[in-house]
Amino acid sequence: MKTREAILKPLKTGQSFDLLVIGGGATGCGVALDAASRGLRVALVEKGDFGSGTSAKSTKLLHGGVRYLERAVRGLDRASYRLVKEALHERGILLRIAPHLCRSLPFMVPLYRLSDLCYFLAGLKLYDLLAGKAGIGASRVVGPAELIRRFPAVRRAGLKGGVLYYDGQFDDARLNLALALTAREQGGALANYLEVADFLREEGRLTGVLVRERFSGESWQIRTRCLVNACGPSADLIRRLDDAGAPPLLQVSSGSHLVLSRNLTPGDTGLTIPRTCDGRVLFVLPWHGRTLVGTTDRPASPGVPPEAGEEDVAYLLGHLGHYFELGPGGGEDAVAARWAGLRPLVGENSASSTATLHRDHLIECSRSGLITITGGKWTTYRKMAQDTVDQAVLAAGLAPQTECRTAGLILHGGAGFREEQERTLAERYRLAPDCARHLHRSYGDRAEEVALLCRGELGERLAAGYPYLKGEVLYAVREELALRACDVLARRLGLALLDTAATREAAPAVVELLARELGWDGERLAAERRELAALLLE
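Note that this is a predicted model, so its numbers are computed, not measured. (Residues numbered from 1 in each chain as written. Predicted model: local features only at pLDDT ≥ 70, side-chain atom pairs only at ≥ 80, totals over all residues. Heavy atoms only, no water.)

Trainee: I keep staring at the packing of helix 3 (residues 66-75) against helix 5 (residues 114-131) and nothing clicks. Help me out?
Mentor: Helix-helix packing is described using two parameters, namely the angle between the two axes and the distance between the axes. For the pair helix 3 and helix 5, the least separation of the axes is 10 Å and the interaxial angle reads 105°. Comparing the axis directions of helix 3 and helix 5 gives the class roughly perpendicular. Between helix 3 and helix 5, the contacting residues are V66, L69, E70, V73 and R74 on the first element and Y119, G123, L124, L126, Y127 and L130 on the second. Of the residues contributing to the contact of helix 3 with helix 5, the split by class is 8 nonpolar, 1 polar and 2 charged. (Axes fitted to C-alpha atoms, helices over the stretch in contact; angles between N-to-C directions. Helix = DSSP H or I, 4+ residues; strand = E, 2+ residues; numbered from the N terminus. Parallel < 35°, antiparallel > 145°, perpendicular 65-115°, else oblique. Contact = heavy atoms within 4.5 Å. Nonpolar A, V, L, I, M, F, W, Y, C, P; charged D, E, K, R; others polar.)

Trainee: Help me understand the environment of P433, please; the structure alone is not making it clear to me.
Mentor: Structurally, the position occupied by P433 is in helix 12 (residues 433-443). Linking P433 and A399, residues 34 residues apart in sequence, is a C-alpha distance of 49 Å.

Trainee: What's the story with helix 5 in this structure? I'm lost.
Mentor: Note that an α-helix has 3.6 residues per turn; residues three or four places apart therefore point the same way. With 18 residues, helix 5 ought to run about 26 Å at 1.5 Å a step, and its terminal C-alpha atoms sit 26 Å apart, in line with that. Among the residues of helix 5, D116, L117, F120, G123, L124, Y127, D128, L130 and A131 are the ones counted as buried. Down the axis of helix 5, the buried set is contained in an arc of 160°. They therefore lie on one face. Facing away from the buried side of helix 5 by over 90 degrees, the exposed positions are L114, S115, C118 and L129. (Expected span 1.5 Å × (residues − 1). Buried < 20%, exposed > 50% of the residue type's maximum accessible area, 1.4 Å probe, protein only. Arc of directions from axis to C-beta.)

Trainee: It is not clear to me how the sheet that holds strand 1 (residues 16-17) should be interpreted in this structure. Could you clarify?
Mentor: Hydrogen bonds along the backbone pair up the strands of a sheet, which may run parallel or antiparallel. In spatial order, the strands read 1-11-10-9; together these 4 strands make up an open sheet with mixed pairing. Lying at the two open borders of the sheet, with one neighbouring strand each, are strand 1 and strand 9 (194-202). Pairing of strand 10 (residues 205-213) with strand 11 (residues 219-224), which is carried by 5 bridges, proceeds in the antiparallel orientation. In the strand pairing of strand 11, G208 is matched with R223. With respect to the sheet, helix 1 (residues 4-12) is in contact with strand 1, strand 9, strand 10 and strand 11, its orientation differing from that of strand 11 by roughly 50°. Running at roughly 35° to strand 9, helix 8 (residues 235-242) makes contact with strand 9 and strand 10 of the sheet. (Pairing = 2+ DSSP bridges.)

Trainee: Even after reading the chapter, I still don't get the pattern of salt bridges, so can you show me in this structure?
Mentor: A side chain of one charge can pair with a side chain of the opposite charge when the charged atoms of the two come close. Tallying each qualifying case throughout the model produces 44 salt bridges. With its nearest N and O atoms 3.5 Å apart, the salt bridge here joins D116 to R275. You can see D116 sitting in helix 5 and its partner R275 sitting in the loop between strand 14 (270-273) and strand 15 (282-287), a full 159 residues away along the chain. Judged by its relative accessible area of 8%, D116 is buried. Taking the relative accessible area as the measure of exposure, R275 reaches 36% and is therefore partly exposed. Linked through salt bridges whose partners overlap, the residues forming this network are R214, R484, R524, E528 and E531. (Salt bridge = Lys/Arg side-chain N within 4 Å of Asp/Glu carboxyl O.)

Trainee: Teacher, can you tell me more about the pairing of strand 3 (residues 42-45) here?
Mentor: Two faces, one strand: in a regular strand the side chains alternate between the faces of the sheet. Residues of strand 3 alternate between two faces, with V42 and L44 on one and A43 and V45 on the opposite face, all of them buried. Note that strand 2 (residues 19-22) and strand 3 share 4 bridges and pair parallel. Within the sheet, the bridge partner assigned to L20 lies in strand 3 and is A43. As a crossover connection, the stretch from strand 2 through helix 2 (residues 26-37) into strand 3 is right-handed. In the sheet, strand 3 pairs with strand 8 (residues 189-191) via 3 bridges, with the strands oriented parallel. Looking at the pairing, A43 lines up with A189 of strand 8. (Right-handed = clockwise from strand over helix to strand, strands pointing away.)

Trainee: What am I meant to see in the environment of K47 here?
Mentor: Considering the arrangement of structural elements, one finds K47 in the loop between strand 3 and strand 4 (61-62). Assessed through its relative accessible area of 52%, K47 is described here as exposed. Sequence-wise, K47 and I22 are 25 residues apart; in three dimensions their C-alpha atoms are separated by 8.6 Å. What K47 contacts, discounting residues up to four positions off in sequence, is Y193, L194, E195 and R214.

Trainee: How should empty space enclosed by the protein be read in this particular structure?
Mentor: To locate leftover empty space, one rolls a probe as large as a water molecule over the atoms. What the rule picks out here adds up to 5 cavities of 30 Å³ or more. Lining the largest cavity we find 18 residues, and of these D171, W287, H288, L493 and G494 sit closest to its centre. Elements supplying a minimum of two residues to the lining of the largest cavity: helix 7 (172-185), helix 12 and helix 15 (485-492). Split by residue class, the lining of the largest cavity holds 8 nonpolar, 4 polar and 6 charged. (1 Å grid on protein atoms, 1.4 Å probe; cavity = no way out; pocket = protein on both sides within 12 Å on 5 of 7 lines; lining within 4 Å. Points joined across faces, edges and corners; volume = space filled by probe spheres on them.)

Trainee: Explanation requested: the side chain of H438 in the structure shown.
Mentor: Tracing the backbone shows H438 in helix 12. For H438, a relative accessible area of 8% corresponds to the buried category. Apart from the residues within four sequence positions on either side, H438 is in contact with Y443, P467, Y468, E472 and L493.

Trainee: Is there a simple way to think about unusual backbone geometry in this case?
Mentor: Excluding glycine, most residues fall at negative phi; most peptide bonds, likewise, are trans. The omega torsion of the bond from G294 to T295 falls at 10°, within 30 degrees of zero and hence cis. Looking at where T295 falls in the secondary structure, it is placed in the loop between strand 16 (290-294) and strand 17 (298-299). At D268, a residue that is not glycine, the phi angle is positive and equals roughly 55°. Assignment of secondary structure puts D268 in the loop between strand 13 (250-260) and strand 14.

Trainee: Can you walk me through the side chain of E480 in this structure?
Mentor: Position of E480 relative to the elements: it lies in the loop between helix 14 (470-479) and helix 15. What E480 contacts, discounting residues up to four positions off in sequence, is R174, L177, L181, Y443, Y475 and R492.

Trainee: Where do I start with the layout of surface pockets in this structure?
Mentor: Here the second largest pocket is characterised by a volume of approximately 870 Å³. What lines the second largest pocket is a set of 43 residues, among which K2, T3, R4, I7 and L481 lie closest to the centre. For the lining of the second largest pocket, the secondary structure elements donating two or more residues are helix 1, helix 7, strand 8, helix 14 and helix 16 (500-518). When residues in the lining of the second largest pocket are grouped by element, the largest group, 7 residues, is from helix 1. Residues belonging to the lining of the second largest pocket are distributed by class as follows: 18 nonpolar, 8 polar and 17 charged.

Read these as geometric descriptors, not functional statements.
So this is what it looks like as structure tokens:
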């Protein structure tokens, strides 16, 4: 266990880093890991928690993008073909380097016109072809009987069958955390709740940042040879801190998701809704015994937390009702949680003489030396990070000790992970089967460390019907950099994005354990309760 003071100490010594990353989401932590694993001196600062902005609120898919594929086919767009092929390659890498957090998942596309069967089968066979050796299963036509067997609540009137294909699913919040912890293991100095207040300059060049610690209010300077802006949807805000007149690179949108208490996917198969009224693709996914539905696409503003409003709920349930028998309530009574995340979409006119467009992500180097990486998606975070570090090496004249290693670097918790260990964990620590499975899939080869904490009172469940245990709260603080109740509930465990009522049940115990472990005073305790109340009202 490292105390907060020990975590911050490397950032306060006055040493100059080779690379300093602003932003602790998937891309930022990916950049920090890539650079640290090449032997560079790396720091990362995040004003909130790791993944708290966007990266923990995705649709939990590792995919090449069936929507991009359709664009490639219909528009004969070679760039879209390359984008899908690259993403499928990266999907394969992630399934290998984070086996405890990523898995392959069968999907079905239900179809109600015979002509669509041929169309979608041809497209998804091409999807398989583009995956090449990284393929995880062959697409095929399925009859109505098999589709109904996997989805008993699917609408049967007019159902002609469907197409089965394979993609990936993952735990986004814990994968983001695994990137941060692996970067630390590689020698990086990473800290959450450390906000950039200003840039440091010498002769027009950026030389570092002034940071402010969220809880103490303490400020200090961190020097670096190269600054990377990996703030996702807020990247333009950081660019304007560097240059107030910088034109925007991004078109920010929000995507809302619902979690239904009703399990519409009991066969552990996802369902793809191929067409919506606004031309989107929706996904209906198994998620911890519940059903995850997403996502919408609405214009949004960077820096403003998005909300999943009633209009978004109606949109998702409306389209869901075209494919499932939801009953007289239309599914609204089954909504256990709702949430929204922002997407950083690269604007059509963003590429310039100072920017390089890598298919769907963009890297810009400002006149003062700020490197901005933005766009992209979770599946391609690793390639985005590689491209960014390559650019930083050239721009700042850095001297890495090796080439990029991240395609073969197993992430925190994955090295000793074996499927058969779940049963051993249950027997050795007398865990209920659902608790053993949760610890095994969430912590990988660190699951026994967590199980050792979950004894006696700490082995009690935080909420009825869920496998989360009190001991995990202490583990999150001691080993996983959690500092607040929402860090634990929303990202280390993920309960807040799964079931709002269960989160309310778990919250008092989580706050009590954190207060005791971290020595909170009455003022800090009151602040935590206010912020947690706001989280539960989202």
